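The primary structure of each chain is shown beneath.
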Amino acid sequence: IFIIGALALTIAGALTFPLDSFHRALDSNFHGLSLFNGFVAGLLAACTGLAIVSDRRRRAAVEEADLRAQAEVSLRESLVRYETLVENAYDFICELDGNGCFVYVSPNSRSILGYEPEELAGRLAFGFVHPDDVQMAMAKFANPEARLTVRFRHRDGSWRWFDSTSKRFTNAAGESLGAVIARDITADRQAQEALEKLTRAVEQAADAVIIADRAGI
């Protein structure tokens, strides 16, 4: 009986050991699986967060590109509008550097002075001014703002009278420039000179002078 009982205990112990080992292994695997699942969940969350950030950055980049494109289109339209206005304006517009050389010349220089803008660019503006007006023009241009009437040489060699205004300014590069807007008043000046000559002639005449039209009026 004693031997049978000992044998029974031995068999029971042998059966219990694998079962305990199995449970321990199962618990260990379950714990490892939980850790793995947690790692995967964290990785997915991180990937999702990165995807959201990347999408936001992409959208921001697209919006920035759209805004830049719109700004470039608006700038081009403004430049075209400005050039159209300047080209069809009656006034001659230019910019001079600190030495009085042409930096910018409006396209209507062709019709007003007979010069292409490229012909005047970089050249000294005072070199085209009548010798009797040069000193006055240079002194006026040195002021922050000025208004003056000068004679400017046309391409055909004639002298054109211009009523001009100038204003000095500093550009984004820190350069001192002068903006000049000039209107051709040659016809008005010639009419005024003709009237003055006629007035002097009348005043100096010994005899009376009567001016009438063909109808005698």
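The model shown is predicted, which means the values in this text are computed figures rather than measured ones.

Caption draft 1: Main features of the overall build of the chain. Along the chain, the regular secondary structure elements total five helices and five strands. Listing the helices and strands of the chain from first to last along the sequence gives α-β-β-α-α-α-β-β-β-α. Counting contacts in the chain only where the partners sit at least 6 residues apart, residues at least 24 apart contribute 36% of the total. Accessible area of the chain: about 16,000 Å², with a carbon and sulfur share of 61%.

Caption draft 2: Representation of the confidence of the model for the chain in the model. Summary statistics for the chain give a mean pLDDT of 77 and a share of 65% for residues scoring 70 or more. Confidence drops under pLDDT 50 across residues 1–17; counting only partners more than four residues distant or on other chains, this segment forms zero contacts.

Caption draft 3: Seen up close, helix H4 (residues 134–141). Residues of H4 that are buried: Val134, Ala137 and Phe141. Take H4 and look down its axis: the buried residues cluster within an arc of 65°, on one side only. Contacts from the buried residues of H4 go to strand S1 (92–96), strand S3 (145–153), strand S4 (159–170) and strand S5 (176–184).

Caption draft 4: The packing of aromatic side chains, seen in detail. Following the criterion strictly, the structure yields five aromatic pairs and no others. Seen in terms of ring centroids, Tyr115 and Phe128 are 5.4 Å apart; in terms of plane orientation they differ by 75°. Their pairing is edge-to-face. With a gap of 13 residues between them, Tyr115 in the loop between helix H2 (109–113) and helix H3 (117–120) and Phe128 in the loop between H3 and H4 connect regions that are remote in the sequence. The same class applies to Tyr115 and to Phe128, which are both buried. Both rings, one in Phe126 and one in Phe141, keep their centres 5.9 Å apart while their planes meet at 70°; by these two values the pair is edge-to-face. Of the two residues, Phe126 is situated in the loop between H3 and H4 and Phe141 in helix H4; the sequence distance between them amounts to 15 residues. Residue classification places Phe126 among the buried residues on the basis of a relative accessible area of 13%. Phe141 gets classed as buried once you look at its relative accessible area, which sits at 9%.

Procedures and definitions
Residues numbered from 1 in each chain as written. Predicted model: local features only at pLDDT ≥ 70, side-chain atom pairs only at ≥ 80, totals over all residues. Heavy atoms only, no water. Helix = DSSP H or I, 4+ residues; strand = E, 2+ residues; numbered from the N terminus. Contact = heavy atoms within 4.5 Å. Areas by Shrake-Rupley, 256 points an atom, 1.4 Å probe, with all protein chains shown as cover. pLDDT = per-residue confidence, 0-100. Buried < 20%, exposed > 50% of the residue type's maximum accessible area, 1.4 Å probe, protein only. Arc of directions from axis to C-beta. Phe/Tyr/Trp six-rings, centres within 6.5 Å; stacked < 30°, edge-to-face > 60°.

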